[in-house]
Amino acid sequence: MSTTPNQPPHKAASPAASHMLLFFVLPCLGFIVWASWSLIGGFLERKPQDVPARIEAVKMARSSGDRWQAVYALSQELQRMKSRGEWDTKVSPEQKQQLFEALVSLQKEHGSDLRFKKYVLLTLGQFGTAQALPSIREEINSKDPEIRFYAAWAFIEILSKNPESRTPETLAEPRTWLNDADPSFRKIAATFLVQYDREGSQTAVEQLLKDPEREVRWNAAVALASVGDEGSVATLKEMFNLAEIRKLDLRSLEDLKQLLASAFEAARKLKRDDVLDDAKKLKGLVDPATPEGAAIHEALGGA
């Protein structure tokens, strides 16, 4: 993604919105990778350091540039340790608590440093402790659309990891996003609520199948189809219509591939032959020797 935090946000929605069409099929790691490229335009080479050293580096940073790079390195180290299973075996409860307290303190101390704040929110979401929910929730009211989005991601990431924190009070927050003016919030709300608040929110999510934004409708359709809601069929079938696909302002062939792969997986869960037939027809319409056709064939490999 070419946008950087210094560029003005799109008038209609958060700059993050266009890449969140497929939010529900991106695991935590996928969002972290995307966010890393979004914020700095690439990855910095970092040698492994222990968590206390990373925290100290953030605290001792003397400039905005040093500060966000230090918290970025902390985020990357946390990601590395979790992927290798080292987070719970090599980091003590005391060190985890120190990390949490340091991040929340730094978040408040450098509240005007937006890029730094985004990485703090990213890291708090990775960290996954329910203790962070109040400080994260405050940022959902930010006037900056990207800070709002990162805070919302961190909020539901933590709720997804902590079932005991999914209370009527905390679930009320993402429920309000179903009517948010920012389409990216409607997308992530639908995905999260269908998974974790199905009984309380499914009817409201179904209303998004009539949303004026195509991406919101499609996101809701895949989320609902994934839990067997047949009301999603008509909208899901649109996702296998080549003319409709080409109306989307997708940034890359990877976006196209993920879009169709998620729709195809949802169709298989729905077990509707007519929808699966549409996927097969789409596959037959394109030449796999072209970039577009190759992406479609790869996404619909089982059709």
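A. Up close: the overall build of the protein. Across its full length, the protein carries 17 helices and zero strands. Accessible surface computed for the protein: about 13,900 Å², of which carbon and sulfur atoms make up 50%.

B. Layout of the side chain of Thr129. Among the structural elements, Thr129 can be located in the loop between α6 (114-127) and α7 (133-139). The residues contacting Thr129, other than those within four sequence positions of it, are Phe100, Ile158 and Asn162.

C. Looking closely at helix α10 (residues 183-196). The end-to-end C-alpha separation of α10 is 20 Å, in line with the 20 Å expected for 14 residues at 1.5 Å each. Within the sequence span of α10, burial applies to Pro183, Ser184, Phe185, Arg186, Lys187, Ile188, Ala189, Ala190, Thr191, Phe192, Leu193 and Val194. Looking at the buried positions of α10, the neighbouring elements they touch are α8 (145-161), α9 (168-177), α11 (198-206) and α12 (214-225).

D. Spatial organisation of the nonpolar core. Grouped together as the largest cluster of nonpolar side chains are 57 residues, with contacts concentrated most on Ile136, Phe155, Trp177 and Val205. At eleven residues, α8 tops the list of elements feeding residues into this core. By size, the runner-up hydrophobic cluster in this structure holds 26 residues, among which are Trp218, Val222, Leu270 and Val286.

E. Up close: the packing of aromatic side chains. Under the criterion given, the structure shown has five aromatic pairs. Three or more aromatic residues link up through ring pairs in this structure, and these residues are Phe149, Phe155, Trp177 and Phe185. Cation over ring: Arg67 sits above Phe116, and NZ or CZ is 5.8 Å from the ring centre. The lysine or arginine in question, Arg148, covers the ring of Phe185, its NZ or CZ lying 4.0 Å from the ring centre.

F. Inspection of α11 at higher detail. Within α11, burial applies to Ser201, Gln202 and Val205. The arc enclosing the buried residues of α11, seen along the axis, measures out at 125 degrees, which places them on a common side. Pointing more than 90 degrees away from the buried face of α11 are the exposed residues Glu199 and Thr203. In this structure, the buried side of α11 is in contact with α9, α10 and α12.

What counts and what doesn't
Residues numbered from 1 in each chain as written. Predicted model: local features only at pLDDT ≥ 70, side-chain atom pairs only at ≥ 80, totals over all residues. Heavy atoms only, no water. Helix = DSSP H or I, 4+ residues; strand = E, 2+ residues; numbered from the N terminus. Areas by Shrake-Rupley, 256 points an atom, 1.4 Å probe, with all protein chains shown as cover. Contact = heavy atoms within 4.5 Å. Expected span 1.5 Å × (residues − 1). Buried < 20%, exposed > 50% of the residue type's maximum accessible area, 1.4 Å probe, protein only. Core = buried A, V, L, I, M, F, W, Y, C linked by side-chain atoms within 4.5 Å. Phe/Tyr/Trp six-rings, centres within 6.5 Å; stacked < 30°, edge-to-face > 60°. Lys NZ or Arg CZ within 6 Å of the ring centre and 35° of its normal. Arc of directions from axis to C-beta.

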